[in-house]
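So the chains spell out like this:
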Amino acid sequence: MATNEGQKIPEEEQTAAKLGEGTIPAPLKEWKIQYTKIFINNEWHNSLSGKKFPVFNPANEEKICEVEEGDKEDVDKAVKAARSAFQIGSPWRTMDASERGRLLNRLADLIERDRLLLATLESVNGGKVFSNAYLMDLGGCVKILRYFASWADKNQGRTIPIDGKYFSYTRHEPVGVCGQIIPWNFPLLMLAWKLGPALCCGNTVVVKPAEQTPLTALHVASLVKEAGFPPGVVNIVPGYGPTAGEAISSHMNIDKVAFTGSTEVGLRIKEAAGKSNLKRVSLELGGKSPCIVFADSDMDTAVEFAHQGLFIHQGQTCTAASRLFVEESIYNEFVRRSVERAKKYVLGNPLNQEVQQGPQIDKEQYTKILDLIESGKKEGAKLECGGGPSGNKGYFIQPTVFSNVTDEMRIAKEEIFGPVQQIMKFKTIDEVIKRANNTHYGLAAGIFTKDLDKALTISSALQAGTVWVNCYGSFSPQTPFGGFKMSGNGREMGEYGLHEYLEVKTVTVKISEKNS
Amino acid sequence: MATTNGTLENGQPDKKMPPLPHPIRNLEVKHTKIFINNEWHESKSGKKFPTYNPSTVEKICEVEEGDKPDIDKAVEAAKAAFQRGSLWRQMDALSRGRLLHKLADLMERDRIILATLETMDTGKPFLHAFFIDLEGCIKTLRYYAGWADKIHGRTIPADENVVCFTRHEPIGVCGAIIPWNFPLMMLIWKMAPALCCGNTIVIKPAEQTPLTSLYLGSLIKEVGFPPGVVNIVPGYGPTAGAAISSHPKIDKIAFTGSTEVGKLIKEAASKSNLKRVTLELGGKNPCIVCADADLDLAVECAHQGVFFNQGQCCTAASRVFVEEQIYPEFVKRSVEYAKKRLVGDPFDVKTEQGPQIDQKQFDKILDLIESGKKEGAKLEYGGSAMEDRGLFIKPTVFSEVTDNMRIAKEEIFGPVQPIMKFKNIEEVIKRANSIEYGLTAAVFTKNLDKALKLASALESGTVWINCYNAIYAQAPFGGFKMSGNGRELGEYALAEYTEVKTVTIKLNEKNH
């Protein structure tokens, strides 16, 4: 879910710069955590168990604060609120679609108002480089909410010319109570990806933010209330996956669950949905995305995109370009330039302006990445740079580049979710297509070539939900995103994103006379 | 074009009304010039024309009179703004939408000023201008703001080894000619979809009512639309209007007004450059009341349907067909309604009906009323001008009207309700469809089958069932037959402002 948009500065910022209003402001020096409780019915609640859990700053491993720990009983309470907000005749069910859109737009306005605070929190809690948090996460969040705001009154059913003397039409109705489980790598952006379409279609939601990063979601909860959403429409229960998350995916009174995270957990969620009430499931899971660079491409562009496509947000993106296939004739030069690029990194406190790479999210991820790096060394890949931890405080890992990687190595097969770039070699188109598709993942793919025919042919041949040609990590609210194969089910964003949050009802009325 | 855009039914403010706004007395008119390239210009000829307050028949001010040379200048600006590589052409669709949203914000901010100007210039009751016209404008702008980045082309599974896709591109420079009955709202109905699709526009407001559109020009500039995207040239139909419809560099024209002028426009478009044409023209709209209808509702809707905006609506319910057995009761209650209708100063909060727009319309309406009397319709109420009061006409109800009378055939565009009788459904369908107009129709019945049968049998672009003037930004509006070409509002309107381009790329077999 990297949103590097080719490292382009979003248009609003460009305009702001032209107007001399500065580009990216400095992060807030002083801030206070205001919201640490469970948000149900537009009110703040303590956990029913009385338990709390700590939230850390991964840059210095220090505790930021404690947050109420939601579990099954708290999820039950949230589901009751969401169910009652969804009752026929409720303010939410009787609201004009255009008014739902107005509320979403207002929420976007409030997020814009609090952009600096939210970006600062995202950076402190998620270890995210501040400028990325400000431009990409917050910019993306506001855009996606505005995009779905205006779908609210454009989500059209159809009238259908059926056989016989009947009048038939479809209604696009909301599914009901939706559970939404959010990952820690893009806490706010993934929240907006789920809230936008769910609310625009008229559903109510119970959201569980990741236990590592609950803070920005709780701040957004306060904005939901301020924007004027009726109580119970949005409920946010921080907690752990095996407890609160599990309660959502197996809940008998939740009609749909949306999850972004690992394929391993995705499998468990779909299973729980099947075992409980066949709730609808949309999943946005892992990837081992191929990025294919042909000899006829613009090499500077390819090196830069491949680099950003992998290293953005410390490699913690499900679209990470973690299998880089480079055509034989330019392989050596490509590796050389990629190493040069990776060496330029400054690691450190992500709030500092000169820092380009922050810490990994937590100890578990940190250990897993270092283990995979070791496996690469052992299995015979050539370590070009990096290859170990950095500093002695915080979860920092050196930007790492491996060359001479072959398809059977662990680093070429497993999702690393860290700053580790694998560069492989290929000879022919048919070969690279086969190798690129030879994985159970199918999230994204990149192609670099100037040849029209090659670009279009390979775009159709790759088994991936998104193909980027001469770019990488280009996201926009207007285009759907999701995975083939075990990278997911369903699509988020774009008009396609609406379908995951709708039930189609066919109404057929017998009439006495037919008239075309 | 009476509209409710979701908040209002039957031309009446709805129940969840905020506190009543107050008009601004003695509002100074600031903008009276031609708006081109985000700047104010005098007319090339040096001419000006007066605009009047129809309530007092006094001159409000003089406005620069645009003619062919001024239209040429506006088209140049619009054409330049549409050049490949221009700011406007390179802008993200999402950003076009943001500009439209900001325009809606500014119209909300200046809502009282705009409603006051609209009332001064048209004579429509201030509260209607505020709650209906302005509400409709703001909602329509926001609706199309959201479409900007949702105008999807398609990829097409064409035969053989090709990649085939469509792009929905803006058409280019659009001309828009606006009527005087809903000056601001009809402008927005045209400008919002045009801009959301990425076109540029040259607008001619009606000569009777140029003030709100010129004020809008100042907001366009304030919002930050690039120069030349929106240009507003006040002037007369036969001069400035004709220059637009026959202009070789205007790619599309949208017009709302009479069927008579609509024909001239389509002819001029053909004779010049085959520019695309959308027309929203006259109507003589049937309103069918079955015996099983909720009578209170039907009487109220039929009344508001014809009298709203002084009867000056192309959707006016000007042929009310009532089923025989309830006919006398329906007429009695309709007359009661008409008697209660308060005619007077449109700035007074109690006023439901203001003056007609000008002397010409006033005379035409009185002439049609006379014809009704002469041709044997029964005058139940009204039937003349208000004593000693400029352009005001009494709410008028005729019963015993038959299909061959002029008041049953011609568009009156005034506060005159002709009520006819019918016996069975087949008969009323035939009579309702027997005219060259086909804009709207209404049906009042509680019977499901009858409602759906009439909904498919009536030849009109809109059918309202148990409601009237239920117009929403989301739902398309336009005419069958000689009531128009094309549709405004809804997703359908986007098709009027886009060209579809099919791109087909042959792929090389060698890669397979």
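Residues numbered from 1 in each chain as written. Chains lettered and ligands numbered in written order. Predicted model: local features only at pLDDT ≥ 70, side-chain atom pairs only at ≥ 80, totals over all residues. Heavy atoms only, no water.

### Section: the nonpolar core
Core analysis: the biggest nonpolar cluster contains 207 residues, and I111(A), F229(A), F334(A), M107(B), M191(B), F225(B) and F330(B) have the highest contact counts within it. No other element matches helix α5 (residues 126-147) of chain B, which puts 14 residues into this core. Not counting residues within four places of it along the chain, the set of residues in contact with I111(A) comprises L118(A), L138(A), C141(A), V142(A), L145(A), V220(A) and L223(A). (Core = buried A, V, L, I, M, F, W, Y, C linked by side-chain atoms within 4.5 Å. Buried < 20%, exposed > 50% of the residue type's maximum accessible area, 1.4 Å probe, protein only. Helix = DSSP H or I, 4+ residues; strand = E, 2+ residues; numbered from the N terminus. Contact = heavy atoms within 4.5 Å.)

### Here we look at the sheet that holds strand β12 (residues 290-293) of chain A
Residues and elements named next belong to chain A. Spatially, β14-β15-β16-β13-β12-β17-β18 is the arrangement adopted by the seven strands of the open sheet, whose pairing is mixed. The open sheet terminates on both sides in strands that have one partner only, identified here as β14 (382-385) and β18 (466-469). Across the sheet, the axes of successive neighbouring strands diverge by a mean angle of 20°, strand direction being ignored. Bridge analysis of strand β17 (residues 444-448) against β18 gives four bridges, and the strand direction is parallel. Residue pairing across strands places A444 opposite T466, the latter belonging to β18. Contacting β12, β13 (323-327), β14, β15 (400-403) and β16 (420-426), helix α11 (residues 331-343) runs over the sheet at an angle of about 170° to β16. The sheet contacts of helix α14 (residues 429-437) involve β12, β13 and β16, and relative to β16 the element is tilted by about 145°. (Pairing = 2+ DSSP bridges. Axes fitted to C-alpha atoms, helices over the stretch in contact; angles between N-to-C directions.)

### Observations concerning helix α6 (residues 183-196) of chain B
The end-to-end C-alpha distance of α6(B), which contains 14 residues, comes to 20 Å, matching closely the 20 Å that a straight helix rising 1.5 Å per residue would cover. The element α6(B) is extensively covered by neighbouring structure, given that 14 of its 14 residues are classed as buried. (Expected span 1.5 Å × (residues − 1).)

### Re the sheet that holds strand β20 (residues 502-510) of chain A
Pairing between the strands of a sheet is mediated by backbone hydrogen bonds and can be parallel or antiparallel. All names here are of chain A. Taken in spatial order, the three strands make up an open sheet running β5-β6-β20, and their pairing is antiparallel. The strands lining the two open edges of the sheet, one partner per strand, are β5 (159-160) and β20. The pairing of strand β6 (residues 166-174) with β20 spans nine bridges and is classified as antiparallel. Directly across from P174, in β20, lies its bridge partner L502.

### Observations regarding the UniProt feature "domain: Aldehyde dehydrogenase" (unreviewed entry) in chain B
The sites that UniProt annotates as "domain: Aldehyde dehydrogenase" (unreviewed entry) are residues 40-503 of chain B. In this annotation, residues 40-503 of chain B is assigned 40% helix and 19% strand; the end-to-end C-alpha distance for the span is 41 Å. (UniProt positions renumbered as here; feature names shortened; annotations may be inferred.)

### A word on the domain arrangement of chain A
By a widely used convention, the size of an interface equals the accessible area lost when the partners come together. All names here are of chain A. The domain architecture assigned to chain A consists of domain 1 (38-285 + 490-503) and domain 2 (289-478). When each unit is reduced to the centre of its C-alpha atoms, the spacing between domain 1 and domain 2 is 30 Å. Counting residues at the interface gives 31 residues for domain 1 and 29 residues for domain 2. Taken over both partners, the interface formed by domain 1 and domain 2 buries close to 2400 Å², and the fraction arising from carbon and sulfur atoms is 65%. Area buried by domain 1 at its contact with domain 2 is led by E61, V129 and W184, which between them contribute 23% of it. Viewed at the interface, domain 2 and domain 1 are joined by one salt bridge. Between E62 and K393 there is a salt bridge; the shortest N-O distance is 3.4 Å. The tally of links from domain 1 across to domain 2 stands at 10 residue pairs in polar contact (both at pLDDT 80 or more). Listed by contribution, the elements that provide at least two residues to the side of domain 1 that touches domain 2 are α4 (115-126) and α5 (130-151). Counting residues per element, the side of domain 1 that touches domain 2 draws most heavily on α5, which supplies six residues. Here the residues of the side of domain 1 that touches domain 2 sort into 13 nonpolar, 12 polar and six charged. (Domains from an automatic or database assignment. Buried area = accessible area lost by both parts, 1.4 Å probe. Salt bridge = Lys/Arg side-chain N within 4 Å of Asp/Glu carboxyl O. Polar contact = N/O pair within 3.5 Å; in protein donor to acceptor, adjacent residues only side chain to side chain. Nonpolar A, V, L, I, M, F, W, Y, C, P; charged D, E, K, R; others polar.)

### So, the pattern of salt bridges
Residue and element names in this part refer to chain A. Counted under the stated rule, the structure contains 63 salt bridges over all chains. Here K72 ties to D76 by a salt bridge, and the two come within 3.3 Å at their closest N and O atoms. With a gap of four residues between them, K72 and D76 both fall in helix α2 (residues 72-86), about one helical turn apart. For D76, a relative accessible area of 24% puts it in the partly exposed group. The partner of K505 in a salt bridge is E173, and the shortest N-O contact between them spans 2.8 Å. With a gap of 332 residues between them, K505 in strand β20 and E173 in strand β6 connect regions that are remote in the sequence. With a relative accessible area of 39%, K505 lands in the partly exposed category. Beyond isolated ion pairs, a larger network of salt bridges with shared partners links D300, E333, R336, R337 and E340.

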